[in-house]
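# Per-entry structural report
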Amino acid sequence: MALTNLTVLFVEDDPVFRKLVTSYLDSRGARVIEADNGEFGLELFKKQSFDIVIADLSMPKLGGLDMLKAMNQFKPGIPTIIISGNQAMTDVVEALRQGASDYLVKPVTDLYFIENAIHECLNHSLEDSLNIDEQESLSYLELNDNLALLEQCSEAAKSVQQQLFPPSSIEYPSVIIDYSLFNTDEVSAHFIDTAMLDDEHVMMYMAHFAPHDNRAAFASVLLKSFVNHKLKLYRNGVSNVITEPFNMLVYLNDRMTNSGLGLLVDLTYVVVELKHFRAAIAQAGSEFRCYLKNAEGLSPIALQEALQIGMAQWSKPSIHFRTLVYGDKLCISTQVYEHKQQLIDDEFYGLVHKPNVTPGGFIQLSLR
């Protein structure tokens, strides 16, 4: 499918690359407005409407990251694809946190990748998307340039991953989320994330990557970007998948399996609808247990066994629905006695590096 009737803002300081991409997108039917720096790009963004923004992260006058933040403040929800240099992983992570839909890595070896990324961001059907192997498109391009670096350098991997973790206590208007995650190595095999999807839905999940090595840092980046993509589609009124734990795990299995990382993922994903306090839970693997916590202690929530994400014969996650009552707290925990005891005792520290503690931890959602 061509890009007919799309208006694209392309912000890039390299004149040769800018003209190549503009000419290609123009040939595919898009109307491309060019800017050679972030300051001019922001000025254009404020003056007219765009369907999508494509921007380099490293630019004069106003960098792509600062431009993205300013755009989100002025008009949130516009799909954005960022383009990064080989050594810009920390900025890529921050851009994802700021709501970027996807990212590509320079040099972009085939301009088809950019068109395919646009189709993905705008949620066109797979039939309309270009016939490009998943392992060579979108975020997977990052593997070629950064995975080797992260595998070789624990400090680089640790730095990238730690930027993704939220503070130990996250306060939303109707919900408080607390967690403790204990790690014995530079890179954590466990990852957690949470988001207020809208006024009526909150999401949290906990993941575990195996085998445990520096690839877990990159897997955290990918997982965050995939969830971020569905969050943006939901806020734009295009897709409800992020509010549907079963479908979300099906989607994440497809993306992680095709990532080329070769990791297996245990993942428990929870969405709470706040109007009626109804929780939907989906789980893959056996690393975690879900609990209801109240004055009587922890009560396990029964979920059937399911295969880890990334296994060749993976079929579907287990699913559970539960209505919460006043005083209930919804928890995900690794199946380690000391972690469950700390959860009962409300010991929340965020991400902690302790060589002598069993890796893992817990996350808790409390209604306010």
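Treat the numbers as computed from the prediction; the structure is a model and nothing was measured.

In spatial order, the strands read β8-β9-β10-β11-β14; together these 5 strands make up an open sheet with antiparallel pairing. Strand pairing shows two members of the sheet lacking a second neighbour, β8 (190-198) and β14 (318-323), which therefore form its edges. Between one strand axis and the next, the sheet turns through 15 degrees on average, direction left out of account. As paired strands, β8 and strand β9 (residues 201-210) are joined by 8 bridges and run antiparallel to one another. By the bridge assignment, T194 is partnered in β9 with M204. On the sheet, helix α8 (residues 215-235) packs against β8, β9 and β10 (264-273) and is oriented at approximately 155 degrees with respect to β9.

A word on the sheet that holds strand β5 (residues 102-105). As summarised here, the arrangement of the 5 strands in space is β2-β1-β3-β4-β5, forming an open sheet in which the pairing is parallel. In this open sheet, the two edge strands, each paired with only one partner strand, are β2 (31-35) and β5. When the angles between neighbouring strand axes are averaged without regard to direction, this sheet yields 20 degrees. The strands that helix α2 (residues 38-47) touches are β1 (7-11), β2 and β3 (52-56); relative to β2, the one it contacts most, it runs at about 135 degrees. Running over the sheet, helix α3 (residues 64-74) touches β1, β3 and β4 (80-84) and is turned about 155 degrees from β3.

This paragraph deals with the state of the cysteines. Two cysteines, two sulfur atoms, one covalent bond between them: this is a disulfide. Within the structure shown, the criterion is met by 0 disulfides. The structure places no disulfide on C290, whose sulfur is separated from the nearest cysteine sulfur, that of C331, by 8.5 Å.

A word on the UniProt feature "modified residue: 4-aspartylphosphate" (unreviewed entry) in the protein chain. UniProt feature "modified residue: 4-aspartylphosphate" (unreviewed entry): in the numbering of this structure it lies at D56. By the element assignment, D56 lies in strand β3. What D56 contacts, discounting residues up to four positions off in sequence, is V11, E12, D13, G64, I83 and K106.

Here we come to the side chain of E12. Among the secondary structure elements, E12 is positioned in the loop between β1 and α1 (15-27). By relative accessible area, E12 is classed as buried at 0%. Looking at E12, its side chain comes within polar contact range of the main-chain nitrogen of D14, at 2.8 Å.

As a rule of thumb, nonpolar side chains are buried together in soluble globular proteins. F209, L267 and L330 are the most contacted members of the largest nonpolar core, which has 74 residues in total. Broken down by element, this core gets its largest block of residues, 11 residues, from α8. The contact partners of F209, leaving out residues within four places of it in the chain, are A189, F191, A216, A219, S220, L223, M256, L263, L264 and V265. Within the second largest apolar cluster, 21 residues are counted, among which are Y24, I81, I83 and I114.

Parameters and conventions
Residues numbered from 1 in each chain as written. Predicted model: local features only at pLDDT ≥ 70, side-chain atom pairs only at ≥ 80, totals over all residues. Heavy atoms only, no water. Pairing = 2+ DSSP bridges. Helix = DSSP H or I, 4+ residues; strand = E, 2+ residues; numbered from the N terminus. Axes fitted to C-alpha atoms, helices over the stretch in contact; angles between N-to-C directions. Contact = heavy atoms within 4.5 Å. Disulfide = S-S within 2.5 Å. UniProt positions renumbered as here; feature names shortened; annotations may be inferred. Buried < 20%, exposed > 50% of the residue type's maximum accessible area, 1.4 Å probe, protein only. Polar contact = N/O pair within 3.5 Å; in protein donor to acceptor, adjacent residues only side chain to side chain. Core = buried A, V, L, I, M, F, W, Y, C linked by side-chain atoms within 4.5 Å.

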